[in-house]
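Okay, here's what each chain looks like letter by letter:
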Amino acid sequence: MRGLLKHYKYLLLVIALVLLGLHLVSSSLNKGVNTGKTGRFIMNIYAPVHSTISWPFAKVADFIGRYLLLVDLDEENRKLSKNNRALRLRMMETEKLILENKRLRELLNYDTPKDMTPIYAPVIARSLTPETRTLLIGKGSKDGIEKNMVAISPDGLVGYVNVATANSAKILLVTDPASVIDAVVQRTRATGIIKGKNPTMCSLNFLNRTEDLEVGDMVVSSGLGGIFPPGLTVGQVVRVERETTDMFLNVDVFPAVAFDKLEDIIIIPGVVSHDEPDVSDDIADYSSDDMEILE
C-alpha cells in the first residue's frame, strides 16, 4: 500500500490540487445571474465532484449526530424510569395510608357497648398452628388491658384476652377449640354454646333438633357465661343437620370476622373478670414457633 501511494503520489497531488482549486473557485464565484460562462462551467464540473467527496463526511456527521441523540435519549429514559419508580412507591405508600386511615375510622366510629371505654390495639402476630388460634396485640397491662377482657372489631366478636403482659396481650379467638361462648340466635332467640371447630369455622352446640333454625340466621353473644357482653355478632349459620337419632342439631357457624386480615382490634371490659392479669415485662412468654410476626 505504501509503495502504491509512493508510485502515484504526483498524480494524487495533482488531483488534490485540482479539487482544491475547483473548490476555491466555486466558493468565490457569484452564484447569481451574473455568473459567467467560465464560472458556470466550473460549477457544473465541481458540483458532482463535491457531492461525491462530501457524501461520506455527511454520513459520518449524521451517524455521530444520531448516536449523540440516542445517548441523550437513553439518559433521559433512565431518569424517567427512576422518577416512575419513585412515583409508584409514593402511590403505594399513599394507598397504604388511605386504607389505614379508613380502617382506623371504622374502629373509631364503631359504637361500643355503653359505659365501656374502648382500647384500640394493633395486631402484631398471629398463631400458625391449627391447634391454637390466637392473636398477639401490641398493648398490655400498662395500657389497661387485663385478662378476660373482650376483643371485638367493627365486624363482630374476635375473642377474649387469656394472657396479659405489661406491653402485650394474647387473644384467644372464637375459632379456638378452647373458646366457649354462650350465644343466641337473633331470629328465634334459641340459645346454645359456640365452640371453635377449625381455623375458619365454629359450631353451635346444644340446640334441640326441634328448634326453628335456618341457614343464614345470625348468632350473637347472649351475655351469659361471665365474659362476653350481650349482642356481639359471632357469625352466620351456614349448615344445619337434623339427625333423627340425635337430640341436638349439628350446626356450623361462619365467623363474622376475617381473623387473617385483622390489623387493629378494640378491647373492652368483660362482664366479669375472675382472674388476676398475668403480667410480665415483655412478650418473651410467647413461643415464636407458634406465632406469625406481622410487620
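Just above, that's the structure.
Because the structure is predicted, anything quoted here is derived from the model rather than measured. (Residues numbered from 1 in each chain as written. Predicted model: local features only at pLDDT ≥ 70, side-chain atom pairs only at ≥ 80, totals over all residues. Heavy atoms only, no water.)

**Details of the overall build of the chain**
Counting its regular elements, the chain contains three helices and 13 strands. Residues classed as buried in the chain amount to 32% of the 295 residues present. Carbon together with sulfur atoms contributes 58% to the accessible area of the chain, which is approximately 18900 Å² in total. (Helix = DSSP H or I, 4+ residues; strand = E, 2+ residues; numbered from the N terminus. Buried < 20%, exposed > 50% of the residue type's maximum accessible area, 1.4 Å probe, protein only. Areas by Shrake-Rupley, 256 points an atom, 1.4 Å probe, with all protein chains shown as cover.)

**Some points on the pattern of salt bridges**
In the structure shown here, the tally under the stated rule is five salt bridges. Put simply, Arg 187 and Asp 212 hold a salt bridge, and the shortest N to O gap is 3.0 Å. Separated by 25 residues along the polypeptide, Arg 187 in the loop between strand 6 (180-185) and strand 7 (191-198) and Asp 212 in the loop between strand 8 (201-205) and strand 9 (218-221) bring together distant segments of the chain. Residue Asp 252 pairs with Lys 197 through a salt bridge whose shortest N-O separation is 2.8 Å. (Salt bridge = Lys/Arg side-chain N within 4 Å of Asp/Glu carboxyl O.)

**Here's the deal with the sheet that holds strand 6**
The strand order around the closed barrel built from six strands is 6-7-8-11-10-9, with neighbouring strands paired in antiparallel fashion. Taking each pair of neighbouring strands and ignoring which way they run, the sheet shows an average axis angle of 45 degrees. Across five bridges, strand 6 lies against strand 7 in antiparallel orientation. Considered in strand 7, the bridge of Asp 182 is made with Ile 193. (Pairing = 2+ DSSP bridges. Axes fitted to C-alpha atoms, helices over the stretch in contact; angles between N-to-C directions.)

**As for the nonpolar core**
In terms of nonpolar packing, the biggest core is built from 45 residues, with Val 158 and Ile 267 touching the most fellow members. No other element matches the five residues that strand 4 (residues 156-164) contributes to this core. (Core = buried A, V, L, I, M, F, W, Y, C linked by side-chain atoms within 4.5 Å.)

**Structural notes on the packing of aromatic side chains**
All chains considered together, the criterion is met by two aromatic pairs. A centroid spacing of 6.0 Å and a plane angle of 80 degrees characterise the contact between Tyr 160 and Phe 228, whose relative ring orientation is edge-to-face. Linking Tyr 160 in strand 4 with Phe 228 in the loop between strand 9 and strand 10 (233-241), this pair joins segments that are 68 residues apart in sequence. Across the pair, exposure class does not vary: Tyr 160 and Phe 228 are buried alike. Ring geometry for Phe 206 and Phe 248: centres 5.6 Å apart, planes at 90 degrees, overall edge-to-face. Note that Phe 206 is positioned in the loop between strand 8 and strand 9 and Phe 248 in the loop between strand 10 and strand 11 (250-255), a separation of 42 residues in sequence. For Phe 248, a relative accessible area of 33% puts it in the partly exposed group. (Phe/Tyr/Trp six-rings, centres within 6.5 Å; stacked < 30°, edge-to-face > 60°.)

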